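Residue-level structural notes
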Amino acid sequence: MMRHTLLILMLLACGMSASAQLTLKSEKGDFEARLIGRALFDGGVFFSDKTALGNSLEVYDVRLGTVVRFLERWTGKIELGFAKSKVSMKDVYIEYSDGKNLFKVGHCFEPFSLEYRIGTSDMKFNGAAVTGTAFGDRRRLGISYTYNCEVLNVSGGVFSDKDIDNTEKDDEGYAFSGRVLYRPYSKGKDIIHVGVSSRFGVQGKAEENKLTYSAGAPSNLIPEKFLKAEVTEAINEWKFGAEVVMVLDKWYFQSEYLMAHVNRRASVENYNGDGWYAQVGYALLNGCYGYNKTSGMATAPGAKSLEILCRYNITNMNDKDSGIMGGKQNDFSIGGIYYFNKYVAAKMSYSLVSLDKHAPVDGKQTFSMIQGRIQLSF
């Protein structure tokens with residue numbers, strides 16, 4: 001059944017991209033619905049892998065959904081994902097915007113961190129930065145408010161601390177999240193922003209006072225979690241982030257630091273884990289980068305352009321004071337993306353990964369990988 005569903009979605013997406021996006025509009029123009037979707041075809045070859053990762057080829061992700069605009073200032077989005085033989089709920093929300101003020105309610109990303117909030121089709125490499133995967137945040141059910149003007153973007157929200165895919169009946173816990181962006185330089189499409197974000201969360205009673213941080217290599221093809229810290233006796237969690245984004249014509253730069261602090265019961269020491277990454281890109285052949293002031297994210301350079309990319313990332317889950325040693329990983333990646341048109345792009349990258357002796361999967365090791373992706377999005 002899943003295979004048939006994926007095949008239907010892929011054929012539908014191909015048909016849509018080859019012709020035009022399907023948009024329905026009311027006669028009065030006060031309602032509009034647009035079909036959206038994506039399909040990602042990934043492949044990878046791994047070298048010197050002590051864990052015997054094996055080479056891989058798969059359909060990593062298929063998405064299908066709709067974006068609805070109505071009554072001028074209202075927007076809604078419903079999107080489902082089909083990956084790893086599972087159906088999952090992605091963005092499901094409604095929002096109201098008058099230009100500077102935006103209210104959103106539903107299942108969506110919290111206003112915290114940057115890298116993990118970027119959609120899979122907009123990621124610069126096949127996988128998000130490991131630090132973002134480890135200490136960033138997932139979609140949650142809640143409500144948020146954003147104020148956005150020329151130089152400032154301020155967001156805050158209240159969310160459930162439980163994943164919506166978890167159907168167990170229990171106390172869900174809660175979280176408060178906030179993000180502030182300041183744009184000291186803005187000239188046309190050229191933007192520089194600096195930002196900070198924070199999140200405070202309290203888990204539900206059924207979680208048994210345990211928090212788990214985990215991440216793998218910078219690849220969606222590898223199921224192994226090379227970093228894993230299980231923090232017991234947790235009372236609550238604080239997360240902090242700092243970010244910089246620069247979009248200067250054909251140049252793009254993004255860097256982020258994330259830290260997780262867990263307050264634990266008096267009998268044990270508190271836990272701290274952190275990491276950072278920096279990535280830079282240059283647009284060859286055609287086009288230049290753009291910037292979305294509402295989300296605070298850079299946009300791709302466009303059709304017939306070639307991006308050359310580089311990223312360095314350090315993620316550390318070791319904390320000697322608490323006695324929790326979840327491993328430390330350094331990874332370096334270079335790659336490129338060619339945009340054939342607004343629907344189809346091809347990615348290729350090389351990554352070198354180094355793990356310390358505390359990594360839970362086979363300990364200390366160094367391996368590399370070459371990955372590719374053909375992506376269709378509409």
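Residues numbered from 1 in each chain as written. Predicted model: local features only at pLDDT ≥ 70, side-chain atom pairs only at ≥ 80, totals over all residues. Heavy atoms only, no water.

A short note on the overall build of the protein
Our working definition: Helical segments are the DSSP runs of H or I of at least four residues, strand segments are the runs of E of at least two, and each set is numbered from the N terminus. Note on classification: 1.4 Å probe, protein chains only; a residue is buried when its accessible area is under 20% of the maximum for its type, exposed when over 50%, partly exposed between these limits. Only heavy atoms matter for contacts: two residues are in contact if any of them lie within 4.5 Å across the pair. Surface accessibility in these figures is a Shrake-Rupley result with a 1.4 Å probe; residues are shielded only by whichever protein chains are displayed. In this tally, Lys and Arg are treated as positive and Asp and Glu as negative; His is ignored, and so are the chain termini. Every charge is mapped to an atom, namely NZ of Lys, CZ of Arg, CG of Asp or CD of Glu.
Along its length, the protein carries two helices and 21 strands. For the protein, the spread of C-alpha atoms along the principal axes amounts to about 65 × 50 × 45 Å. A burial count over the protein gives 49% of its 378 residues as buried. Considering only intrachain contacts with a sequence separation of at least 6, the fraction spanning at least 24 residues in the protein is 62%. Entry remark: accessible area of the protein is about 17,900 Å², with carbon and sulfur atoms responsible for 58%. With 45 positive and 42 negative side-chain charges, the protein shows a spacing of 4 Å between the two charge centroids.

Quick look at the packing of aromatic side chains
Quick reminder of the rule: For this analysis, a ring pair means two rings from Phe, Tyr or Trp (six-membered ring only for Trp) whose centres lie within 6.5 Å, classed as stacked if their planes differ by under 30 degrees, edge-to-face if by over 60, and tilted for the remaining angles. The criterion for a charge sitting over a ring is simple: Lys NZ or Arg CZ within 6 Å of the ring centre, and within 35 degrees of the ring normal.
This model, assessed by the stated rule, comprises 13 aromatic pairs. Ring geometry for Phe103 and Tyr145: centres 4.9 Å apart, planes at 45°, overall tilted. Here the residue Phe103 occupies a position in strand S6 (residues 101–109), and Tyr145 occupies one in strand S7 (residues 139–148), the gap between them amounting to 42 residues. Under the relative-accessibility criterion, Tyr145 is labelled partly exposed at 30%. Grouped by ring-pair contacts, the aromatic residues Phe70, Trp74 and Tyr96 constitute a single cluster. Just above the ring of Tyr252 sits the side chain of Lys124; from NZ or CZ to the centre is 5.0 Å.

What about the pairing of strand S8 (residues 152–160)?
For the record, the criterion: DSSP bridges decide pairing: two strands pair if at least two such bridges lie between them.
With seven bridges connecting them, S7 and S8 associate as antiparallel partners. Its bridge partner lying in S8, Ile143 is registered against Val158. Following S7, the chain reverses through three residues before pairing antiparallel with S8.

With respect to the confidence of the model for the protein
For clarity, the cut-off: Predictor confidence is given residue by residue as pLDDT, running from a minimum of 0 to a maximum of 100.
When pLDDT is averaged across the protein, the result is 88; 90% of the residues are at 70 or more. Every residue in residues 1–20 is under pLDDT 50, and counting partners more than four places away or in other chains gives 25 contacts.

What to know about the side chain of Ser322
We apply this condition: Between N or O atoms, a polar contact is any pair within 3.5 Å; within protein, one atom must be a potential hydrogen donor and the other a potential acceptor, and residues adjacent in sequence are included only when both atoms are from side chains.
With respect to the helices and strands, the residue Ser322 is situated in the loop between strand S18 (306–319) and strand S19 (324–339). Exposure remark for Ser322: the relative accessible area of 15% places this residue in the buried category. At 3.2 Å, the side chain of Ser322 and the backbone oxygen of Asp319 are in polar contact. Engagement of the side chain of Ser322 in a polar contact is seen with the backbone nitrogen of Ile324, the distance being 3.4 Å. For Ser322, the residues in contact, after removing those within four places along its chain, are Arg264, Glu269, Asn270 and Tyr271.

Looking at a nonpolar patch on the surface
The line we're drawing: Patch members must show over 30% relative accessible area and no salt bridge, and they are joined within 9 Å when carrying like charges or within 5 Å when they are nonpolar side chains of Val, Leu, Ile, Met, Phe, Trp or Tyr. Salt bridges are defined as contacts in which a side-chain nitrogen from Lys or Arg sits within 4 Å of a carboxyl oxygen from Asp or Glu.
On the surface, a cluster of nonpolar side chains totalling about 910 Å² of accessible area is made up of Val45, Phe47, Tyr257, Trp276, Tyr312, Phe332, Ile334, Met348, Tyr350, Leu352 and Ile370. Looking at the nonpolar patch, the elements with two or more residues in it are strand S2 (31–47), S19 and strand S20 (344–355). Here the nonpolar patch gets three residues from one element, more than from any other, and that element is S20. On the secondary structure map, Ile370 appears in strand S21 (residues 365–377). Look at Ile370 and you get partly exposed, because its relative accessible area is 36%.

Side note on unusual backbone geometry
The phi torsion at Glu72 lies on the positive side, around 70°, for a residue other than glycine. For Glu72, the position within the fold is in the loop between strand S3 (56–70) and strand S4 (74–83). Given a relative accessible area of 81%, Glu72 falls into the exposed group. In the Ramachandran plot, Lys304 falls in the positive-phi region, its phi being about 65° despite a non-glycine side chain. Within the secondary structure, Lys304 sits in the loop between strand S17 (297–299) and S18.

Details of the environment of Thr133
By the secondary structure assignment, Thr133 is in helix H2 (residues 130–135). Judged by its relative accessible area of 18%, Thr133 is buried. Once the C-alpha coordinates of Thr133 and Lys225 are considered, the two residues, 92 residues apart in sequence, prove to be 11 Å apart. If we skip the residues at most four places from it in the chain, Thr133 touches Tyr116, Ala128, Arg138, Ser214 and Ala215.

A short note on the side chain of Asn318
Along the chain, the position of Asn318 falls in strand S18. From its side chain, Asn318 meets the backbone nitrogen of Gly327 in a polar contact 2.7 Å long. A polar contact of 2.8 Å, which involves the side chain of Asn318, links it to the side chain of Asp356. Discounting residues that sit within four places of it in the chain, Asn318 has contacts with Asn272, Ile324, Met325, Gly326, Gly327, Lys328, Asp356 and His358.

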